[in-house]
Every structure is written in C-alpha cells, then in structure tokens.
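Take a look at the letters that make up each chain.
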Amino acid sequence: MYAIDLDAPALDRHWAVLSAEETARARRFVRPADTAHFVRAHAALRHVLAAWCEQAPERLVFAAGAHGKPHLADNTGSRPVRFNLSHSGGIALLALCEQYELGIDVEVMRGVSPKIAEEYFAPRERAALAQYSGDEWLQAFFRCWTSKEALLKGEGLGLNVPLDAFEVVVNPAQPPAIVSIAPQAAIQPGWRLFDVSPAAHAAGTLAVHDPRASLTVEHLQCRWLQL
Ligand SMILES: CC(C)(COP(=O)(O)OP(=O)(O)OC[C@H]1O[C@@H](n2cnc3c(N)ncnc32)[C@H](O)[C@@H]1OP(=O)(O)O)[C@@H](O)C(=O)NCCC(=O)NCCS
C-alpha cells in the first residue's frame, strides 16, 4: 500500500515516464493542479509497478477491462501483479499484490449534500447515516462511500451495479465491512474491506478478494512514496 502526495510539483522526470496517451490525458485538464495530480499519480503508479516487475517504468503497457479497470497488458512475468489506484484532491492511494484482486478508494473529506446519500445509498445505510450530525456525519458518509466505491472498483464494474443493491457498514467507529449483497448486484462473495485512511482529513477503504482470508495487518501498512 502506498500513499502519494500529489500536491508537490510534477517534474520533467515524472512526465518522462508517461505514455503518449497518459500525456494527452494530463494535458486535457483545465486546472494546472489537476494536471500535476494526474502526472504525479501515474508516475508513482509506473515506478511502483516497475520495481515490482523489474522493468523500466516507461516500458509498462496498460490495458483495461470491459468497464475500464486498468491492468498490465503483459502480466505474465515471474511476478504477476494486481493493482488499483485512487486519487482525491492532493492524495493518491495505490494498492498492489500478487494474488488477490483489489479495489481502493480515497476521498478527501469535504462538505457534501445529504442528497447524494439519498440518491446512492441503500435504505438501511441512509437510516444509519441519519443518526449522525456534523463531523461524525461526514465520517460516516465517507466510510460508506469509500466502502461502496472500493468494492465496485475491486469488481471493476464501475457504475454498472445499482449502488443500493449492496449494503456496507456506515458506523465510522467500526471496521468497514459488507452487510449484504443482493443477487442483482453481481458482486462475488469473498470480498473483505479494510480501513486504509491515509490522513485525518481523508477516508480510504481497500477491498480485497481474499476468499481464504489470509491477509494480515502487516500487508496493509501504508508507506508514503517519495517521488
Ligand atoms: C473510475 C471509477 C470506477 C471511479 O472513479 P473515481 O472515484 O472518480 O476515481 P478514483 O480516483 O477512485 O479511481 C480512478 C482510478 O481507478 C482506476 N479505474 C478506472 N476505471 C476503473 C474500473 N472500472 N474499476 C476499477 N478501477 C478503475 C484507474 O486507475 C483510475 O485512475 P485514472 O483515472 O488516473 O486513470 C468510475 O467508474 C466511477 O465513477 N465510479 C463510481 C462513482 C460513484 O458514483 N460512486 C458511488 C459510491 S457510493
């Protein structure tokens, strides 16, 4: 698990490892800060994966699943890798491992409209959220949001699942967990959720498809990457 500070400048050496497609995406952002965030996040992704696979970062080629989840086009080396990236504001989280499928979501906590919960959360999640106010409400909202998002990203389904067809724990004082999955959600059994919040103002959840439940706390230690 790596956390990346995206608010530092994007340097020539960060741009230099990106593909033509990533460079074009970076240049399409209107705000210079968004360009810098994207460049630093993708340079970090390439450096970490390159070290794992013992390849040059600029030589890595990415492909995408049916709904856009990225993976390495050639993942047949001696050390295969599964990974997922998330960025919000000035923070990115990157999770990678050899064996298990992963999904990760980080959200810098900011004011949100309660209408978002009404629109996306399941009835019991909305009822649980209604018990909170102020900062606790925000923490509960983002615990629920990042848990749902991490699970969706783990499955690689994007927005192709009705968000109220599965329920997660809302209480921010409890570990994140799945409460129920309706059959129409098309989410496999065997997912586990972990709190990987990288800072007091940022919520993070990691979803790991670990049917054998062998993941331990040491695997979840988050290192801030010096880029
Ligand atoms: C990409 C998606 C999965 C998440 O987007 P997001 O929350 O804006 O962004 P994140 O920073 O967490 O993740 C983006 C990264 O995930 C990866 N990604 C892209 N598509 C993905 C997919 N289908 N599955 C998993 N990961 C994906 C990419 O590495 C991407 O980074 P990049 O944009 O720099 O290339 C998008 O489909 C989406 O918008 N999902 C749902 C949003 C929502 O309404 N959630 C409600 C939760 S209650």
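Refer to the structure printed above.
*Asks:* Would you take a moment to explain unusual backbone geometry for this structure?
*Replies:* Residues apart from glycine generally show negative phi values, whereas peptide bonds are mostly found in trans. The phi dihedral of Glu 54 falls on the positive side, at around 55°, and the residue is not glycine. Its location among the elements puts Glu 54 in the loop between helix H3 (32-53) and strand S2 (62-64). Take Glu 54: there are 9 C-beta atoms within 10 Å of it, and that puts it in the exposed class. Phi angles above zero are rare outside glycine, and Ala 186 is one such case at about 55°. Considering the arrangement of structural elements, one finds Ala 186 in the loop between strand S8 (178-181) and strand S9 (191-195).

*Asks:* Please explain the sheet that holds S9 as it appears in this structure.
*Replies:* What links the strands of a sheet is backbone hydrogen bonding, and the strands pair in either a parallel or an antiparallel sense. The antiparallel open sheet is built from three strands, whose spatial order is S6-S10-S9. Whereas interior strands pair on both sides, the edge strands pair on one side only; in this sheet they are strand S6 (101-108) and S9. Put simply, the sheet's adjacent strands are angled 15° from each other on average, direction ignored. As paired elements, S9 and strand S10 (residues 202-209) share five bridges and run antiparallel to each other. Bridging across to S10, Leu 193 finds its partner in Ala 207. Strand contacts of helix H6 (residues 134-155): S6, S9 and S10, with the helix running at about 145° to S6, the strand carrying the most contacts.

*Asks:* For this particular structure, what's the right way to read the packing of helix H2 (residues 20-28) against H3?
*Replies:* Between H2 and H3, the least distance of the axes is 8 Å, while the angle of their chain directions is 155°. Relative to H3, H2 is oriented roughly antiparallel. H3 is crossed by H2, and the crossing has right-handed handedness. Touching Glu 22, Arg 25, Ala 26 and Arg 27 of H2 are Thr 35, Phe 38, Val 39 and His 42, all from H3. A class-by-class count of the residues in the contact of H2 with H3 yields three nonpolar, two polar and three charged.

*Asks:* Quick question: what am I supposed to make of the sheet that holds strand S5 (residues 91-97) here?
*Replies:* The strand order across the open sheet built from four strands is S4-S5-S1-S11, with neighbouring strands paired in mixed fashion. If you trace the sheet from one side to the other, it starts and ends with strand S4 (82-88) and strand S11 (223-224), each paired once. Packing against the sheet, H3 makes contact with strand S1 (2-5), S4 and S5, and its axis sits at approximately 20° to S5.

*Asks:* Can you help me understand the environment of Ile 181 in this one?
*Replies:* Note that Ile 181 resides in strand S8. Expressed as a C-alpha distance, the spacing of Ile 181 and Val 168, which sit 13 residues apart in the sequence, is 9.0 Å. The residues touching Ile 181, leaving out its near neighbours within four places in the chain, are Phe 166 and Ile 187.

*Asks:* Even after reading the chapter, I still don't get the site of the ligand, so can you show me in this structure?
*Replies:* Taken together, 21 residues lie near the ligand, and Gly 68, Lys 69, Ser 86, Lys 153 and Gly 158 sit nearest. Those elements that place two or more of their residues in the shell around the ligand are H3, S4, S6 and H6. Across the shell around the ligand, the residue classes tally to eight nonpolar, eight polar and five charged.

*Asks:* So what exactly am I meant to see when it comes to the nonpolar core here?
*Replies:* In globular proteins that are soluble, nonpolar side chains generally tend to be buried together. Counting 51 residues, the largest nonpolar core has Ala 92, Leu 93, Leu 94 and Leu 206 as its most contacted members. At the level of secondary structure, the elements contributing two or more residues to this core comprise S1, H3, S5, S6, H6, strand S7 (166-168), S9 and S10. Here Ala 92 is in contact with Ile 4, Leu 6, Ala 41, Ala 44, Leu 85, Ser 86 and His 87, once residues within four sequence places are set aside.

*Asks:* What exactly am I supposed to notice about the pairing of S5 here?
*Replies:* For a regular strand, side chains alternate in direction, first toward one face of the sheet and then toward the other. With five of its seven residues buried, S5 lies for the most part within the structure. Summarising the sheet, S1 and S5 pair through four bridges and their orientation is antiparallel. Within the sheet, the bridge partner assigned to Tyr 2 lies in S5 and is Leu 94. When S4 meets S5, the two strands line up antiparallel, connected through seven bridges. For Arg 82, the partnering residue across the bridge sits in S5 and is Cys 97. Counted between consecutive antiparallel strands, the loop separating S4 from S5 contains two residues, among which Gly 89 sits at a positive phi close to 55°.

Parameters and conventions
- Residues numbered from 1 in each chain as written.
- Predicted model: local features only at pLDDT ≥ 70, side-chain atom pairs only at ≥ 80, totals over all residues.
- Helix = DSSP H or I, 4+ residues; strand = E, 2+ residues; numbered from the N terminus.
- Buried ≥ 20, exposed ≤ 12 C-beta atoms within 10 Å, placed from the backbone.
- Pairing = 2+ DSSP bridges.
- Axes fitted to C-alpha atoms, helices over the stretch in contact; angles between N-to-C directions.
- Contact = placed C-beta atoms within 7 Å.
- Parallel < 35°, antiparallel > 145°, perpendicular 65-115°, else oblique.
- Left-handed = near helix turned anticlockwise from the far one by under 90°.
- Nonpolar A, V, L, I, M, F, W, Y, C, P; charged D, E, K, R; others polar.
- Near = placed C-beta within 6 Å.
- Core = buried A, V, L, I, M, F, W, Y, C linked by C-beta atoms within 7 Å.

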